[in-house]
Amino acid sequence: MSVSKFDGASPALKCVIRFFVAGEAPNSIIARDNLRRLRESLPEIHFEIEIVDVNVNPEIALQKGVFVTPALEVLEPPPGGIFYGNLSNSDPIRRLIETSKDWPGSGPKGLSEQQTAGHR
Amino acid sequence: MGEDTEGNSGNPCFSAAIRKIPTGIDGLDEILDGGLPAAGLTLLSGGPGSGKTVIGLQFLVQGALLGHPGIMLTFEEREDSLRRYSAAFGWDIGTLEAKGSIAIISARFNPDAIISGDFDLGSVMAILRHKARALEARRVIIDAPDVLLRLLGDRTKERGQLYKLNEWLRDDGLCAVMTVKDSFGEGSDSYREFLHYMAECVIQLDQRVMDQVTTRRMRVIKFRGSAYGRNEYPFGITREGAMVIPVTHASLGHRALGESIPSGIAGLDTITSGGYRRNSCTLITGTSGTGKTTFACSFTREATSRGERVFYLNFEESLDAMVSCMLGPGIDLRPALESGLLRFVSIMPESQGIEEHLIQAFGVISEFEPSFIVVDAISACRRMGSEQAAFDYMLRLIDHCKARGITSVLTNLTANSGEAMQITGMDLSSVIDMVVILRNIETSGSMERELLILKSRGRNHSNRVHRFGISSRGVEILGVGQESGNVC
């Protein structure tokens, strides 16, 4: 029933990210900048980014098992993934997001199911 | 405050200036002249299975039990496997965690993670700092950081991160123990040098095989601003954790020889002016079948019948075998076993290294508090590894007993009667106070038993060769009654 929503106009794919940085550590500054560039290069994607500064919220890092910074966790779209590093090489994350973006082409039903699964 | 610290560091008596935290591990604090540096890094280096993690955990648990919280940061193990591992040593980590005395942080690398540029250990340091403050912990074990550091991809970055970690540990005044492996792969020499430079104290553990028996050794390589034992020390890992064998002290703390104690053989008492002496070490030596064990058991029965405790360490026979054999010469050890005055331990010499043997024997001694120890037979100790291992074992055991006023009776099996004259073949004569030589002589179709007192410190003894017999009445020295005036 919700399938029709994705017909026609380009679908706005949502990308939910949890981004772990360590204050103003050099790698964390570089990573912030690289992430900004990545967002700019993917205008069709709607990003939702939660930034966790491990110096302020170490408990979250511990709970999520993130022991190096910067680290980026893709929560949506599925299947998601975890990246360590300052994103100086953003190819892997771009490919992960873009592969997910291409799903509508493989059939609207597929996307619908995937999204429902992701939201559950 | 600057003046205070300056005043301290200017103190030439440096061991007083360094604050230390006792490890609570027997023997280790002795080597470290008090304990680990209270602020800064101690490196615990060793190959796989050398006991690094056990020592780290033990330090943490001993501290936690005394009300000093600590943190275990491991890059290699899961929390639950560390808990299980600790339980094997009787350490209830779970309870200590619930009380907030211990925290385990398992910082294992997520195998699915994709590397997309440079990163650092900012997060793990933030977590560690957070936990240390929450628990008010001063002790931190950093177990196998190389696993995560390796991911940084190059040695310069690894050093940078370690340096940062070390600075932080110093700033926060934490006592940190870091376990590292022995081999660092490529460029290992300069990396090792760097690690050693960073640390206040470096302890090297190793495990080696000598004649098919594994032994563990420990050596302190450096300890900034402190005195320390510079030798290599044997240590063991037992069910209670690691234990370093106490150093044989330069000053012999042996007690003086005391009163005579009946040997359980009336004739032997006569020719030795009263029997064995308290705090002494007596060696009964002879070839196979000369009656050494019978002499030792006669003494055991005599001592236990007077209500004294005897620890019988047998390297050759099982309890059942020995007890039933001794019924032949009329020596019934069963009452002593039932009353608990006789503690019998039977063990194969090759089953463990000398450290484990010593720890086991010292354990029985401290718990059972015997007046006497019988070791049957010390010749079997060669099977603990080597001639040197046997010597070390016996010397440390006798030393331990003499310092505690425990009288020892040793038996020794010699291959031929000529060898018996060399006493033990182990050079132990300096710690042996009395030697009884037993031998079998074949004369015109029959065999005769002979006995000779080779040495008896501070006492008159017969210089003659005495004949003796073993019958259902036990050992009888023949023809002693008439010649008792002949002792020399």
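The text that follows walks through the structure, step by step, so that each part is easy to find. (Residues numbered from 1 in each chain as written. Chains lettered and ligands numbered in written order. Predicted model: local features only at pLDDT ≥ 70, side-chain atom pairs only at ≥ 80, totals over all residues. Heavy atoms only, no water.)

In this section: the overall build of chain B. On a plain count of helices and strands, chain B comes out with 17 helices and 23 strands. Across the 488 residues of chain B, 54% fall into the buried class. For chain B, long-range pairs separated by at least 24 residues make up 71% of all intrachain contacts whose partners lie at least 6 apart in sequence. Counting every atom, chain B has about 20700 Å² of accessible surface; 49% of that belongs to carbon and sulfur. (Helix = DSSP H or I, 4+ residues; strand = E, 2+ residues; numbered from the N terminus. Buried < 20%, exposed > 50% of the residue type's maximum accessible area, 1.4 Å probe, protein only. Contact = heavy atoms within 4.5 Å. Areas by Shrake-Rupley, 256 points an atom, 1.4 Å probe, with all protein chains shown as cover.)

Residues and elements named next belong to chain B. One can describe the packing of helix 7 (residues 122-135) onto helix 9 (residues 155-171) by two numbers: an axis separation of 11 Å at closest approach and a directional angle of 15°. By the angle between their axes, helix 7 is roughly parallel relative to helix 9. Crossing hand, helix 7 versus helix 9: right-handed. In this structure, helix 7 uses Met125, Leu128 and Arg129 to contact helix 9, whose residues at the interface are Gln161, Lys164, Leu165 and Trp168. Within the contact of helix 7 with helix 9, the residues separate by chemical class into 4 nonpolar, 1 polar and 2 charged. (Axes fitted to C-alpha atoms, helices over the stretch in contact; angles between N-to-C directions. Parallel < 35°, antiparallel > 145°, perpendicular 65-115°, else oblique. Left-handed = near helix turned anticlockwise from the far one by under 90°. Nonpolar A, V, L, I, M, F, W, Y, C, P; charged D, E, K, R; others polar.)

Here the focus is the sheet that holds strand 8 (residues 175-180) of chain B. Residue and element names in this part refer to chain B. Here we have 9 strands laid out as an open sheet, ordered 5-4-7-8-3-9-10-11-12, and mixed in their pairing. At either end of the open sheet lies a strand with only one pairing partner, and these are strand 5 (102-106) and strand 12 (241-244). Across the sheet, the axes of successive neighbouring strands diverge by a mean angle of 20°, strand direction being ignored. As judged from the 4 bridges shared by strand 11 (residues 232-238) and strand 12, these two strands associate in the antiparallel manner. Within strand 12, the position partnered with phenylalanine 235 by the bridge is valine 244. Each of strand 4 (70-74) and strand 5 is contacted by helix 5 (residues 79-87), which is oriented at about 135° to strand 5, the strand it contacts most. (Pairing = 2+ DSSP bridges.)

Ordered by their spatial adjacency, 5 strands build an open sheet running 2(A)-1(A)-3(A)-4(A)-6(B), and the pairing between neighbours is mixed. Each of the sheet's edge strands pairs with one partner strand only, and the pair in question is strand 2 (45-53) of chain A together with strand 6 (114-115) of chain B. The pairing of strand 4 (residues 81-84) of chain A with strand 6 of chain B spans 2 bridges and is classified as parallel. Considered in strand 6 of chain B, the bridge of phenylalanine 83 of chain A is made with isoleucine 114 of chain B. Each of strand 1 (13-21), strand 2 and strand 3 (71-76) of chain A is contacted by helix 1 (residues 26-41) of chain A, which is oriented at about 170° to strand 1 of chain A, the strand it contacts most.

Secondary-structure assignment places serine 116 of chain B in the loop between strand 6 and helix 7. For serine 116 of chain B, a relative accessible area of 0% corresponds to the buried category.

All right, on to helix 5 of chain B then. Residue and element names in this part refer to chain B. For helix 5, the full list of buried residues reads Ser81, Leu82 and Ser86. For helix 5, the buried positions fall inside an angular range of 135° around the axis, keeping them on one side. Contacts from the buried residues of helix 5 go to helix 4 (52-65), strand 4, helix 6 (93-98) and strand 5. (Arc of directions from axis to C-beta.)

Attention now moves to the state of the cysteines. Residue and element names in this part refer to chain B. If you walk through the whole model with that rule in mind, you get 0 disulfides over all chains. Counting only cysteine sulfurs, cysteine 297 is the nearest neighbor of cysteine 325, a cysteine outside any disulfide, at a range of 9.2 Å. Owing to a relative accessible area of 45%, cysteine 325 belongs among the partly exposed residues under this scheme. The thiol sulfur of cysteine 401 is not disulfide-bonded, and the nearest other cysteine sulfur, from cysteine 281, lies at 8.3 Å. (Disulfide = S-S within 2.5 Å.)

With 22 residues of chain A at the contact, the number on the chain B side is 24 residues. With both chains or domains summed, chain A and chain B bury close to 1900 Å², and 61% of this area falls on carbon and sulfur atoms. Three residues, Phe67, Ile82 and Tyr84 of chain A, lead the burial of chain A against chain B; their summed loss comes to 37% of the area buried on that side. Summed over the shared surface of chain A and chain B, the number is 0 salt bridges. (Buried area = accessible area lost by both parts, 1.4 Å probe. Salt bridge = Lys/Arg side-chain N within 4 Å of Asp/Glu carboxyl O.)

All names here are of chain B. In the structure shown here, the tally under the stated rule is 34 salt bridges over all chains. Across the pair glutamate 76 and lysine 181 runs a salt bridge, and its minimum N-O distance is 3.0 Å. With glutamate 76 in the loop between strand 4 and helix 5 and lysine 181 in the loop between strand 8 and helix 10 (188-198), this residue pair connects regions lying 105 residues apart in the sequence. Note on glutamate 76: relative accessible area 34%, which makes it partly exposed. By relative accessible area, lysine 181 is classed as partly exposed at 29%. Glutamate 476 is the salt-bridge partner of arginine 473, the closest N and O atoms lying 3.0 Å from each other. Taking the relative accessible area as the measure of exposure, arginine 473 reaches 63% and is therefore exposed. Accessibility expressed as a relative area gives 32% for glutamate 476, which makes it partly exposed.

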